[in-house]
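Summary of the model geometry
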Amino acid sequence: FSGFSVRDTDAAAAFYGDVLGLEVAKNEMGMLTITLPGGAEVMAYPKGDDHTPATFTVLNLVVPDIDVAVDELTAAGVEFERYEGMPQDEKGIGRGKAAGMGPDIAWFTDPSGNVIAVMA
């Protein structure tokens, strides 16, 4: 499994569970187990005020249709990141497939500032 820290596990549980629709369980030590599609698990552990957001993508979520995923996340209040030098469309999607440069991808952050991506 892999893991990353969060500032507030309750806020993270609500985001990963309610906004992203992933299965989330909290253990007796306050750590979250986030179950990804396909069954892999990721741990999110509390760091409180000592948390520093990752400056890289901590989680890539493969989706069947990136436009639908971005529209649904935007409707749920998610704001997509824009990166200088990265060509992204009006939705914030980098269209890599059409350019022969990898998947279509869009980045956003969780409540702790960690970078998450949806890709197709």
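Throughout what follows, the structure given in this document is the object of discussion. (Residues numbered from 1 in each chain as written. Predicted model: local features only at pLDDT ≥ 70, side-chain atom pairs only at ≥ 80, totals over all residues. Heavy atoms only, no water.)

1. Some points on the pairing of strand β3 (residues 32-35)
This is how it is decided: Two strands pair if DSSP finds at least two bridges between them. What counts as a helix is a DSSP run of H or I of at least four residues, what counts as a strand is a run of E of at least two, and both are numbered from the N terminus.
In this sheet, β3 lies alongside strand β2 (residues 23-26) in antiparallel orientation, the contact comprising 4 bridges. Its bridge partner being in β3, E23 is matched across the sheet by T35. Connecting β2 to the antiparallel partner β3 that follows it, the hairpin turn spans 5 residues, and G30 within it adopts a positive phi of roughly 85°. Across 4 bridges, the pairing between β3 and strand β4 (residues 41-46) is antiparallel. Within β4, the residue paired with T35 across the bridge is E41. Between β3 and β4, which pair antiparallel in sequence order, lie 5 residues; one of them, G38, sits at a positive phi of approximately 95°.

2. So, the side chain of D110
To be explicit about the condition: Using a 1.4 Å probe on the protein chains alone, a residue whose accessible area is under 20% of its type maximum counts as buried, one over 50% counts as exposed, and one in between counts as partly exposed. Lys and Arg are tallied as positive, Asp and Glu as negative. Neither His nor the chain termini are counted. One side-chain nitrogen of Lys or Arg within 4 Å of one carboxyl oxygen of Asp or Glu is enough to make a salt bridge. Whenever a nitrogen or oxygen atom comes within 3.5 Å of another N or O atom, the pair is scored as a polar contact, on the condition that within protein one atom can donate a hydrogen and the other can accept it, and that pairs from neighbouring residues in sequence are kept only if both atoms are in side chains.
Mapped onto the secondary structure, D110 falls in the loop between β7 (104-109) and β8 (115-119). At 7.1 Å, R7 is the nearest oppositely charged side chain to D110, a buried residue that forms no salt bridge. A polar atom in the side chain of D110 sits 2.9 Å from the backbone nitrogen of N114.

3. Some details on the pairing of β7
With 5 of its 6 residues buried, β7 lies for the most part within the structure. In this sheet, β7 lies alongside strand β6 (residues 94-95) in antiparallel orientation, the contact comprising 2 bridges. Across the sheet, residue G94 finds its bridge partner in β7, namely I105. Sheet analysis places β7 next to β8, joined by 5 bridges and oriented antiparallel.

4. Thoughts on the pattern of salt bridges
Using the criterion set out here, one finds 6 salt bridges in the structure. Across the pair D67 and K91 runs a salt bridge whose closest N-O atoms are separated by 3.2 Å. In this pair, D67 sits in helix α2 (residues 66-75) while K91 sits in the loop between α2 and β6, placing the two residues 24 residues apart along the sequence. Its salt-bridge partner being R95, residue D67 comes within 2.6 Å of it at the nearest N-O pair. In this pair, D67 is assigned in helix α2 and R95 in strand β6, connecting sequence segments 28 residues apart. By relative accessible area, D67 is classed as partly exposed at 23%. Residues joined in a network through salt bridges with shared partners are D67, D71, D89, K91, R95 and D104.

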